[in-house]
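Close look at the chain arrangement
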Amino acid sequence: MTEIVRADGRATDQLRPVTIERGWSAHAEGSALVSFGGTRVLCTASFTNGVPRWLTGKGKGWVTAEYAMLPRATNSRNDRESVKGRVGGRTHEISRLIGRALRAVVDTKALGENTLVIDCDVLQADGGTRTAAITGAYVALADAIEWGREKKFIGQKAQPLIDSVSAVSVGIIDGTPMLDLAYVEDVRAETDMNVVVTGRGLFVEVQGTAEGAPFDKREVDALLDLGVAGCANLRDIQTAVLA
């Protein structure tokens, strides 16, 4: 599979250059600036001692996320959704996806009655913004949890994080499965899929769509294999950043 070389020189099973700049924000309890090639997302985690009223007294914490794109994150300017007066369906969908991904690796009882809100703001988009957001959000979340432990809002021996989580895009282009699609590839993909995987290799979510012809199980298996391997590489990058 690796003999085909893509427009940017990568092999079909190769990630774009990935960097995670931990502690990017001086104000947030946890933060990370994540780059997947030309895609850059700022993830900040805000820690609050206390939970929404519907969780008060249940001994559990809460983790949620919000996603947004800056007006000039893409080739042409888009109005801010706050100016439009409504949040778009895509924004809602991605926000919920990020929240689900993070909650999948959090023991809310061990977190205690504390709330973590992760904001993922796309500074520059070149494909895979939701997968980059999930990958960076985990690093911001981990640091915010340690902040809460230092402030004694979380027990010293408590283990709120039960695993790591990352995500990557995969797709089929000209009949070939490829990992981590840049925008020029994403718009050409016959099949487009986002894969969210824990550090142990378990699936949290798989979002797959046939943009052209329907795909078969063999193609699904190839894409999932690519996604799992890509997320394993991302897990190693997260681990190194948090070390």
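Now for a look at the structure at hand. Note that the structure is predicted; figures quoted are calculated from it, not measured. (Residues numbered from 1 in each chain as written. Predicted model: local features only at pLDDT ≥ 70, side-chain atom pairs only at ≥ 80, totals over all residues. Heavy atoms only, no water.)

A full pass over the atoms with the stated rule returns four aromatic pairs. Their ring planes at 55° and their centres at 5.4 Å tell us that Phe47 and Trp147 sit as a pair that is tilted. Of this pair, Phe47 sits in strand 3 (residues 39-49) while Trp147 sits in helix 4 (residues 129-150), and the two are 100 residues apart along the sequence. Using a relative accessible area of 25% as the deciding quantity, one classes Trp147 as partly exposed. With a centroid separation of 5.1 Å and 80° between ring planes, the pair formed by Trp54 and Trp62 is classed as edge-to-face. With a relative accessible area of 49%, Trp54 lands in the partly exposed category. Following the ring pairs from residue to residue traces out a cluster consisting of Phe47, Trp147 and Phe153. (Phe/Tyr/Trp six-rings, centres within 6.5 Å; stacked < 30°, edge-to-face > 60°. Helix = DSSP H or I, 4+ residues; strand = E, 2+ residues; numbered from the N terminus. Buried < 20%, exposed > 50% of the residue type's maximum accessible area, 1.4 Å probe, protein only.)

Further remarks concern the nonpolar core. Residues Ile98, Leu102, Leu116 and Ile118 are the most contacted members of the largest nonpolar core, which totals 54 residues. With ten residues, the top contributor of residues to this core is helix 4. Setting aside residues up to four positions removed in sequence, Leu116 forms contacts with Ser46, Phe47, Trp62, Val63, Thr64, Leu111, Leu141, Ala144 and Ile145. (Core = buried A, V, L, I, M, F, W, Y, C linked by side-chain atoms within 4.5 Å. Contact = heavy atoms within 4.5 Å.)

For the rest of this paragraph, the subject is the packing of helix 2 (residues 89-103) against helix 4. Between helix 2 and helix 4, the least distance of the axes is 10 Å, while the angle of their chain directions is 40°. Here helix 2 is positioned oblique relative to helix 4, judged by the angle of their axes. Where helix 2 crosses over helix 4, the two elements pack in a sense that is right-handed. Residue-level contacts link Arg90, Glu93, Ile94, Leu97, Ile98, Ala101 and Leu102 of helix 2 to Thr129, Arg130, Ala133, Ile134, Ala137, Tyr138 and Leu141 of helix 4. Among the residues forming the contact of helix 2 with helix 4, the class breakdown is ten nonpolar, one polar and three charged. (Axes fitted to C-alpha atoms, helices over the stretch in contact; angles between N-to-C directions. Parallel < 35°, antiparallel > 145°, perpendicular 65-115°, else oblique. Left-handed = near helix turned anticlockwise from the far one by under 90°. Nonpolar A, V, L, I, M, F, W, Y, C, P; charged D, E, K, R; others polar.)

This part is about the side chain of Ser166. Within the secondary structure, Ser166 sits in strand 6 (residues 165-173). At 3.3 Å, the side chain of Ser166 forms a polar contact with the backbone oxygen of Cys231. Residues contacting Ser166, with those up to four places away along its chain left out, are Ile134, Thr135, Val195, Val196, Val197, Cys231, Leu234, Arg235 and Gln238. (Polar contact = N/O pair within 3.5 Å; in protein donor to acceptor, adjacent residues only side chain to side chain.)

Once that is clear, we can look at the pairing of strand 6. The buried fraction of strand 6 amounts to nine of the nine residues, a majority that puts the element mostly inside the structure. As paired strands, strand 6 and strand 8 (residues 191-198) are joined by eight bridges and run antiparallel to one another. The residue bridging Ser169 from the neighbouring strand is Asn194, located in strand 8. Taken together, the four bridges between strand 6 and strand 7 (residues 176-179) define a ladder with antiparallel strand orientation. Its bridge partner being in strand 7, Ile173 is matched across the sheet by Thr176. Linking strand 6 to strand 7, which pair antiparallel, is a turn of two residues; within it Asp174 sits at a positive phi near 50°. (Pairing = 2+ DSSP bridges.)

Ordered by their spatial adjacency, four strands build an open sheet running 7-6-8-9, and the pairing between neighbours is antiparallel. The sheet terminates laterally at strand 7 and strand 9 (203-210), the two strands that pair on one side only. On average, each strand axis in the sheet is tilted by 15° relative to the strand beside it, whichever way the strands run. In this sheet, strand 9 lies alongside strand 8 in antiparallel orientation, the contact comprising seven bridges. Bridged to Val196 within strand 9 is Glu205. Each of strand 6, strand 8 and strand 9 is contacted by helix 2, which is oriented at about 150° to strand 9, the strand it contacts most. Strand contacts of helix 4: strand 6, strand 8 and strand 9, with the helix running at about 160° to strand 6, the strand carrying the most contacts.

Turning our attention to the environment of Pro177. Position of Pro177 relative to the elements: it lies in strand 7. The exposure class of Pro177 is buried, given its relative accessible area of 14%. As for Pro177 and Glu219, which are separated by 42 residues in sequence, their C-alpha atoms are 7.6 Å apart.

As far as function goes, none of this settles anything; it's purely spatial.
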